[in-house]
Amino acid sequence: MDKLSSQRLPPLKRNWWLKHRFFKLYMLREATVLPLVFFTLCLLAGMVALLQGAESWQGWIAFMRSPIVFVLNLLALAASLFHAATFFVLFPRVMPLRIAGHSLPDQAIVAGQWAGVVAVALLFFWLLGRA
Amino acid sequence: MEKIAMNKHRSQHKQAFDEPLWWGLFSAGGVCFAVLLPAVILFIAILLPLGLLPADALSYERASALLFSVPGFLFVGAVVCLPLFHAAHRLRHGLFDISVGNDALNKKLMYGGAALLSIVALGIVVAGFFS
């Protein structure tokens, strides 16, 4: 075995990520986009329905009420929150913020991003939630 | 064997110029997925089908007026297009991680799919705006 080939790593098996909790969580995070794609396709269908007319729009809302679609969208909500939890902790690592010579604590940056999530939800409530 | 490895290295090197674009879209889409999508999914895919929103909040007329507008166009860009590129990026790398397909083809399929659906989504808004 020469030097070069001994340095080359053997190809990984497909289940390599099942062997450690850290890698399982990594794959779970990668998988958060699956329900996201499902929700996006639902949203696209809703946009098409809206373009078609009032009857199609009501039909789309009924489609969104069907149990399987509803459960998959609940999963999408959970996935978006899990993604948010993993994504927000990256921010202070990628771009540490300094204000007036003092570095902002990581928790403050993470909390600020969660405040953003709440702010967007409040905006939606203001737009859609009031009778 | 040696030659194949070198070719692979060279082709990877050749592709590298576009990678910052995909990582940039992945990152921007990740922010939108984390900050915007929880509220969007909650209101559109959970509260609306459950009938927990006021009756006229997303009636056909109101939903059309909200979506087929300039803010609606920006909404679709942030809630559909960017998260689609985020999903495409994660799916591409996820497929690589479990050794499914080959990366060059997956890359074209994933980013191509995201681009196609993005154009459809933005096209629907434009079509609704002018109809």
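Keep in mind it's a predicted model, so treat the numbers as computed, not measured.

Trainee: Any chance you could break down the pattern of salt bridges for me, citing the residues and the numbers?
Mentor: Residue and element names in this part refer to chain B. Taken as a whole and judged by the stated rule, the model has five salt bridges over all chains. Here Lys-107 and Glu-19 are joined by a salt bridge, their closest N and O atoms 3.7 Å apart. With a gap of 88 residues between them, Lys-107 in helix 6 (residues 103–129) and Glu-19 in helix 2 (residues 19–35) connect regions that are remote in the sequence. Overall, Lys-107 belongs to the buried group, its relative accessible area being 10%. Ionic pairing is found between Asp-103 and Arg-92, a salt bridge with its closest N-O pair at 3.0 Å. Taken together, the positions of Asp-103 in helix 6 and Arg-92 in helix 5 (residues 70–97) put the pair 11 residues apart, joining distant regions of the chain. Salt bridges here are not isolated pairs; linked through shared partners, they connect Asp-18, Glu-19, Arg-92, Asp-103 and Lys-107.

Trainee: Just give me the short version of the nonpolar core, but keep the residues and values in it.
Mentor: Core analysis: the largest hydrophobic core is formed by 59 residues, its most contacted members being Phe-39, Met-47 and Trp-60 of chain A together with Val-76 of chain B. With 10 residues, the top contributor of residues to this core is helix 3 (residues 37–50) of chain B. If we skip the residues at most four places from it in the chain, Val-76 of chain B touches Met-47 of chain A together with Leu-67, Cys-81, Ala-121, Leu-122 and Val-125 of chain B.

Trainee: Before we move on, can you summarise the side chain of Arg-92 of chain B with the specific residues and values?
Mentor: On the basis of relative accessibility, which here comes to 4%, the residue Arg-92 of chain B falls in the buried class. The contact partners of Arg-92 of chain B, leaving out residues within four places of it in the chain, are Glu-19, Trp-22, Asp-103, Lys-107, Met-110 and Tyr-111 of chain B.

Trainee: Give me the lowdown on the packing of helix 3 (residues 33–52) of chain A against helix 5 of chain B, citing residues and values where you can.
Mentor: Packed helices, taken two at a time, are described by the angle their axes make and the gap between the axes. Between helix 3 of chain A and helix 5 of chain B, the shortest axis-to-axis distance is 10 Å and the interhelical angle comes to 145°. Here helix 3 of chain A and helix 5 of chain B pass one another in a crossing that is left-handed. Here helix 3 of chain A contributes Val-33, Leu-34, Leu-36, Val-37, Thr-40, Leu-43 and Met-47 of chain A to the contact with helix 5 of chain B, which in turn contributes Val-76, Val-79, Val-80, Pro-83, Leu-84, His-86, Ala-87, Arg-90 and Leu-91 of chain B. Looking at the contact of helix 3 of chain A with helix 5 of chain B residue by residue, the classes come out as 13 nonpolar, two polar and one charged.

Trainee: Please set out the UniProt feature "transmembrane region" (unreviewed entry) in chain B residue by residue, giving values where relevant.
Mentor: Residues and elements named next belong to chain B. The sites that carry the UniProt feature "transmembrane region" (unreviewed entry) are, in the present numbering, residues 21–48, 68–88 and 109–130. Helix makes up 96% of residues 21–48 and strand 0%, and the two end C-alpha atoms of the span are 36 Å apart. With 95% helix and 0% strand, residues 109–130 has end C-alpha atoms that lie 31 Å from one another.

The rules we used
Residues numbered from 1 in each chain as written. Chains lettered and ligands numbered in written order. Predicted model: local features only at pLDDT ≥ 70, side-chain atom pairs only at ≥ 80, totals over all residues. Heavy atoms only, no water. Salt bridge = Lys/Arg side-chain N within 4 Å of Asp/Glu carboxyl O. Helix = DSSP H or I, 4+ residues; strand = E, 2+ residues; numbered from the N terminus. Buried < 20%, exposed > 50% of the residue type's maximum accessible area, 1.4 Å probe, protein only. Core = buried A, V, L, I, M, F, W, Y, C linked by side-chain atoms within 4.5 Å. Contact = heavy atoms within 4.5 Å. Axes fitted to C-alpha atoms, helices over the stretch in contact; angles between N-to-C directions. Left-handed = near helix turned anticlockwise from the far one by under 90°. Nonpolar A, V, L, I, M, F, W, Y, C, P; charged D, E, K, R; others polar. UniProt positions renumbered as here; feature names shortened; annotations may be inferred.

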